[in-house]
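In case you want the letters, here they are:
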Amino acid sequence: MFGGFTFIHDGAGTTREDEHDGRKVVGLEYEAYEPMAHSEFTKLCADIRACWPSVTHICVHHRLGWVEVGEASVAMAISSPHRHDGQQAIQHCISQLKANLPIWKKEVYDTQEVTWKENAECLWSAKGTLQPVTSSSTENNK
């Protein structure tokens, strides 16, 4: 730690302007099973603190409802006295958020059509390839 300085690492997930089958994405609409989402956020923060004990503060927010292209869907900030720990914790946070939180999105197109999107990282999706990360399995990544 340099003179009591704490590193703050932040990240934001911004809605991209994608195109599918000639239709332009104009926004996303998020839904969640909120009691379970709150529980999973709590578990995620506890896991981060177990993996990186030097982390001093964690703030994570995922929007629900309408999110226009160019706006942030996810915002997070993690502070720690060591830059490397904070950077790893941010990466872990976003990958585990995508894998474990019961938040669903549908893409809304310029044609007013909508499509529910499956998150490939999600553990319960047909495409899910991530395995849950626990504090013991992240020890090798430090």
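For the structure itself, consult the block above.
Residues numbered from 1 in each chain as written. Predicted model: local features only at pLDDT ≥ 70, side-chain atom pairs only at ≥ 80, totals over all residues. Heavy atoms only, no water.

A. Molecular detail of the overall build of the protein. Along the backbone of the protein there are three helices and eight strands. Residues classed as buried in the protein amount to 35% of the 142 residues present. Counted over contacts in the protein with a minimum sequence separation of 6, partners at least 24 positions apart contribute 68%. (Helix = DSSP H or I, 4+ residues; strand = E, 2+ residues; numbered from the N terminus. Buried < 20%, exposed > 50% of the residue type's maximum accessible area, 1.4 Å probe, protein only. Contact = heavy atoms within 4.5 Å.)

B. Here's a closer look at the state of the cysteines. Counting across every chain of the model gives zero disulfides. Looking at Cys45, it has no disulfide partner, and the nearest cysteine sulfur is the one in Cys93, 6.6 Å off. By relative accessible area, which is 22% here, Cys45 ends up partly exposed. The exposure class assigned to Cys93 is buried, which follows from its relative accessible area of 0%. (Disulfide = S-S within 2.5 Å.)

C. Spatial organisation of helix α1 (residues 34-51). With 18 residues, α1 extends 25 Å from end C-alpha to end C-alpha; this agrees with the ideal 26 Å at 1.5 Å per step. Three or more residues of α1 are buried, namely Ala37, Glu40, Phe41, Leu44, Asp47, Ile48 and Cys51. One side of α1 holds all its buried residues, which, seen down the axis, span an arc of 125°. Those residues of α1 that are exposed and angled more than 90 degrees off the buried face are Pro35, His38 and Thr42. (Expected span 1.5 Å × (residues − 1). Arc of directions from axis to C-beta.)

D. Examining the nonpolar core more closely. Judged by nonpolar contacts, the single largest core of 22 residues is most densely connected at Ile48, Val55, Val60, Met76, Ile78, Cys93 and Leu97. Of all the elements in the fold, those that place two or more residues in this core are β3 (23-32), α1, β4 (57-62), β6 (72-80), α2 (83-100) and β7 (103-109). Once residues lying within four places of it in the same chain are set aside, the contact partners of Val60 are Phe41, Ala75, Met76, Cys93 and Leu97. (Core = buried A, V, L, I, M, F, W, Y, C linked by side-chain atoms within 4.5 Å.)

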